Amino acid sequence: MTLSLDVSSPPTNSEIQGEDMIATTSNSGAGATDSNRLQALSSPTNGSNSNNGTSPSDARSVGLADTNSLKRYPGLAQEARRTCLRDSQFPEEQVVRLILQELRDRGFADTFEQLQKESGYTLEDEAIAQFRNSVLAGRWTEVEKAISSITIGIGSKKTKQAALFIIKRQQFLELLEARKLKQALLILQNELSTLTDDIPQLHRLSSLLMCPSPAELHTAADWDGSNGRSRFIVLESLQKYIPPGKMVPIHRMETLYSQAITQQCSTCEHHVCSPENNLYIDHKCPQPIFPPELQISLEGHSDEVWYVAFSPDGQYLASASRDKTCIIWSIADYSIVGRLEGHEGEVSYLAWSPSGKYIVSASSDKTLRLWDVETGETLQTFTGHTETVASCRWLGDNDRFISGGMDQKIIVWNTKGYMLKQIASPRVHDIAVSVDCSLLLVADDKSSVHMYDLATLTLIDKLEEPAVIMSLTLSSDARYCITELRNGELHMWDLESRARVREFTGHIQGNYVIRCAFAGYDDLFVAAGSEDGQLFVWNRNTGRLLTRLKGHTKTINGCSWSSKAAALATASDDKTISIWPAYHGAPSDMADTEKHTANTATSSMSSSSSFVPAAGPSDDDQSMSAAV
Amino acid sequence: MGYMHKVFLSGKGVYGCSSCETHLAKRDDITSRHYTGQYGRAVLLSNVVNVIYGEEEKRAMTTGVHIVRDISCMGCKKYVGWTYIKAYVPEQRFKEGQFILEREIIHDVSRDWDY
């Protein structure tokens, strides 16, 4: 509150105010007139006028407001004007200043000036404007002075130090770029070192002194030079320490818009489409998400298909089977582009390299094989496990992957065939690696998930389940993890709070390993197979069953989602693989959307009644097939 | 069927497949040692692990007609015994849901038990 009081008095004075104002602004300044106007316009006036001891009489202020709003809505009669004005729950000053910022960011200079004049609010006061200019022009002594003065509003000594460090670091880098090594060294020794306790950071900075050219400095410091965006970035990071009322946080309106869209997406129950960033209407995805009957069936395996995975680009699909082979399918025409033959045991797991050029597969013959996707040849066979290899995952680059076996070993390999690291672990049922490769999850053959820090391979935590864990699935943001248990339960954990947050029910699962998948944009769905041959799709956030897809005659062992292909793939004991393309919101779907929305509205959260929208009336099904 | 994780039994007295050492049963789960299989002596067990099931079939045995399913080792796919689905003779009903393992085909992988 005190902040907004500080800034509610625009410092630029008489020339901004209208003539009618001057009469009252004998000594109270612009702040008083502003609050008068706020009062009269019946906007919520919270505190900004409570300290206004010099407020003129009521009659006076009403008269003032009338003249003011007359200016705002020229040509409107009094009554019409009143209906135009509305109560806003947000302080006018904040709203206007956001608009001012937006206008300036979009380069509407005249309107910007005009609005400042008309509203009496300024985006930034003189001190802030000067500060901004000094940062962008690289006048660091001035910036430093401004930081230490009160006008900028940086409060504590600690934040001042942090802000100073950012400035000094930039100054240091700019001096290095200009090859003024001596001065740079002085800054590093005398100033930067006193401002932080972060020794590794100081070491990194001092190592930059060795950079022979500005270009190398840029890459080494991940910094784009004084002519690049670096000063903007400095300004942005300094803004963290300046009270938001003084200096409106950067692109504030944009931030609020994106927050609104994110929020709309998170409440969109059938979220499959990326939001179109339409600000006019709320985002909502059409329903249903998958055609309940229509699907493409891929036949090629001679035995049960146990695992399926889309390539990173979504153009190919790889399947692993009990028939000891893997098959690579093209999504464009659903043809077989490669058959990976060589394993002497069933293949239960495979993983695409991030580049999509290699596949590594794990088998009960106790080996892993690295395959060239293009030629279908084995590039390398990895022997080292003494029991069935349960799982394998790539480690970010295209050179290393990790495997876990029933033999109580977790091994890090490189593609040349070398064992880089081996750790003793419990017997491994499944492993998962976060996209940024910081986190390793291992499900043991009992009932716990072990969380490791992947860089150091140290145990962080253990999640306990009530039954044996059959498989593990990690969301792409590594926030959520799904455990599939032998007792048929499917649990979702929030890895941030290390708490079980959701349970998904409805599917049938016994002794066999069924692997589920996150699906949809932002991983909003959870898809899992069932021993009755149906694929279940739930909403991750509500746990509500969205649909059951019937296409297989036997157990669905695994599924995979690709946002690039916008489809789900399922692998089944019936030796086939099915592809379920998601809707993209074609216009012809819209009619269905409304019908289904009506259904959804009446259905409660219980799993039995939530079948209603999924099963749907039969005529719906036909129109849906037509849409695809 | 689907993919199964191999189960590893712990403790003393663990029977395994003699050709691939895959664990099959615990000695503690033995209900009776007085059985005869296709290859000689056999044991009746209340529980086994790591086996895959064959088709159901009707078989005439010394104790009467039963519906059984052959079971084989998950690791090497070799025949190891059978399980009783249904016994037509009422006195034999107790065998339903239990398993026969052939002693010739299994051995004790923890090796503390001489038979």
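Residues numbered from 1 in each chain as written. Chains lettered and ligands numbered in written order. Predicted model: local features only at pLDDT ≥ 70, side-chain atom pairs only at ≥ 80, totals over all residues. Heavy atoms only, no water.

For the rest of this paragraph, the subject is the overall build of chain A. Counting its secondary structure elements, chain A contains 18 helices and 28 strands. Out of the 628 residues belonging to chain A, those deemed buried represent 50%. Contacts in chain A between residues at least 24 apart in sequence constitute 48% of all its contacts with a sequence separation of at least 6. Total accessible area computed for chain A in this model is approximately 29000 Å², and 52% of it derives from carbon and sulfur atoms. (Helix = DSSP H or I, 4+ residues; strand = E, 2+ residues; numbered from the N terminus. Buried < 20%, exposed > 50% of the residue type's maximum accessible area, 1.4 Å probe, protein only. Contact = heavy atoms within 4.5 Å. Areas by Shrake-Rupley, 256 points an atom, 1.4 Å probe, with all protein chains shown as cover.)

Let's shift gears to the sheet that holds strand S18 (residues 469–474) of chain A. All names here are of chain A. Ordered by their spatial adjacency, four strands build an open sheet running S18-S19-S20-S21, and the pairing between neighbours is antiparallel. Both outer strands of the open sheet, S18 and strand S21 (499–504), are each paired with one neighbouring strand and no more. Each strand of the sheet is rotated relative to its neighbour by a mean of 25°, with strand direction disregarded. By the bridge criterion, five bridges tie S18 to strand S19 (residues 480–485) in an arrangement that is antiparallel. In the strand pairing of S19, Leu 472 is matched with Thr 483. (Pairing = 2+ DSSP bridges. Axes fitted to C-alpha atoms, helices over the stretch in contact; angles between N-to-C directions.)

So, about the interface of chain B and chain A. Taken together, the 10 residues of chain B in the interface contact 19 residues of chain A. At the boundary of chain B with chain A, total buried surface from both sides reaches about 1500 Å², with 56% on carbon and sulfur atoms. Broken down residue by residue, the surface that chain B buries against chain A is led by Met 1, Tyr 3 and His 5 of chain B, which jointly contribute 55%. Inspection of the chain B/chain A interface yields two salt bridges. Among the salt bridges present, the one from Lys 6 of chain B reaches Glu 387 of chain A, with a minimum N-O distance of 3.0 Å. (Buried area = accessible area lost by both parts, 1.4 Å probe. Salt bridge = Lys/Arg side-chain N within 4 Å of Asp/Glu carboxyl O.)

A separate point is the sheet that holds strand S1 (residues 296–299) of chain A. Residue and element names in this part refer to chain A. Strand order across the open sheet formed by four strands is S1-S28-S27-S26, with antiparallel pairing between neighbours. The sheet terminates laterally at S1 and strand S26 (556–562), the two strands that pair on one side only. Sheet twist, expressed as the average angle between the axes of neighbouring strands with direction ignored, equals 20°. With five bridges connecting them, strand S27 (residues 567–572) and strand S28 (residues 576–581) associate as antiparallel partners. The residue of S28 that forms the bridge with Ala 567 is Pro 581.

The next subject is the packing of aromatic side chains. Going through the model one piece at a time under the given rule, you end up with nine aromatic pairs over all chains. When the ring of Tyr 39 of chain B is compared with that of Tyr 79 of chain B, the centres are 6.2 Å apart and the planes differ by 45°; the resulting orientation is tilted. Highlighted residues: Tyr 39 of chain B in the loop between strand S3 (30–37) and strand S4 (40–45) and Tyr 79 of chain B in strand S7 (residues 79–87), separated in sequence by 40 residues. Through successive ring pairs, a cluster of aromatic residues spans Phe 382, Trp 394, Phe 401 and Trp 413 of chain A. For the cation-ring pair, Arg 427 of chain A lies above Phe 8 of chain B, with the distance from its terminal atom to the ring centre recorded as 3.7 Å. When the ring centre of Tyr 88 of chain B is taken as reference, the NZ or CZ atom of Lys 86 of chain B above it lies at 5.3 Å. (Phe/Tyr/Trp six-rings, centres within 6.5 Å; stacked < 30°, edge-to-face > 60°. Lys NZ or Arg CZ within 6 Å of the ring centre and 35° of its normal.)

Quick look at the nonpolar core now. Side chains of a nonpolar character, in soluble globular proteins, are inclined to be buried together. One finds Leu 350, Trp 352, Ile 359, Val 360, Leu 368 and Phe 401 of chain A to be the most contacted residues of the largest nonpolar core, which totals 26 residues. The set of elements that each furnish at least two residues to this core consists of strand S2 (305–310), strand S3 (316–321), strand S4 (325–330), strand S6 (347–352), strand S7 (358–363), strand S8 (367–372), strand S10 (389–394) and strand S12 (409–414) of chain A. The element contributing the most residues to this core is S6 of chain A, with five residues. Apart from the residues lying within four places of it in its own chain, the contact partners of Trp 352 of chain A are Ala 309, Phe 310, Ser 311, Pro 312, Tyr 316, Leu 317, Ala 318, Ile 328, Tyr 358, Ile 359, Val 373 and Trp 394 of chain A. Ranked by size, the runner-up nonpolar core spans 24 residues in total, among them Val 48, Ile 71, Cys 73 and Ile 105 of chain B. (Core = buried A, V, L, I, M, F, W, Y, C linked by side-chain atoms within 4.5 Å.)

It is worth stressing that arrangement in space is one thing and function is another; only the former is reported here.
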